[in-house]
Amino acid sequence: MIGALQADLRHLDLKAVRPATERRLDATAVHYILLGSRLGTRVLHRRWLGATDAAVAGAGRYLGTTPPTAAWRKFCAELLQMPDQGTEADRITHDACILFDLHLDVLPALAPLRQGESDAA
């Protein structure tokens with residue numbers, strides 16, 4: 001996935017936006033965001049398929065990767081075995097919220113979409 005993202009960014013002549021500070025986050029929260037968001041990109045992939053902008057159309061490596069459906073199912077089964085309350089559950093939820101916020105924080109840093117450009121980029 002990282003290689004596909006890097007290739008798409010190179011194609012679009014963009015660089016990854018990194019958070020201002022590094023944090024240690026719970027691995028379960030990271031997996032939740034990573035696996036869950038990858039499944040969500042299937043919607044974006046369908047929109048990307050209709051892209052008419054050449055730059056956008058050429059940057060579909062990440063969106064075209066196979067979603068980790070089996071890994072997501074396994075992860076969900078593992079989550080069901082974990083306590084849904086307590087210190088560990090609170091830490092996982094807190095760190096997942098931090099990751100969601102990191103995604104939202106980079107939105108202002110992205111250039112506004114050009115007229116007619118697909119937001120699937």
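Residues numbered from 1 in each chain as written. Predicted model: local features only at pLDDT ≥ 70, side-chain atom pairs only at ≥ 80, totals over all residues. Heavy atoms only, no water.

*Asks:* Just checking my understanding: could you explain the packing of aromatic side chains for this structure?
*Replies:* Two aromatic rings are characterised by how far apart their centres lie and by the angle between their planes. Within the structure shown, the criterion is met by two aromatic pairs. Each ring, one from Tyr32 and one from Trp72, has its centre 6.1 Å from the other, and the planes form 40°; the classification is tilted. With a gap of 40 residues between them, Tyr32 in helix H2 (residues 27-48) and Trp72 in helix H5 (residues 69-80) connect regions that are remote in the sequence. Of the residues examined, Tyr32 reaches a relative accessible area of 37% and is grouped as partly exposed. For Trp72, a relative accessible area of 22% corresponds to the partly exposed category. With a centroid separation of 6.0 Å and 35° between ring planes, the pair formed by Trp72 and Phe75 is classed as tilted. Highlighted residues: Trp72 and Phe75, both in helix H5, separated by three residues, approximately one helical turn. Phe75 gets classed as buried once you look at its relative accessible area, which sits at 8%. Within the aromatic cluster, the residues linked to one another by ring pairs are Tyr32, Trp72 and Phe75. (Phe/Tyr/Trp six-rings, centres within 6.5 Å; stacked < 30°, edge-to-face > 60°. Helix = DSSP H or I, 4+ residues; strand = E, 2+ residues; numbered from the N terminus. Buried < 20%, exposed > 50% of the residue type's maximum accessible area, 1.4 Å probe, protein only.)

Scope: geometric values only; no functional claims are made or implied.
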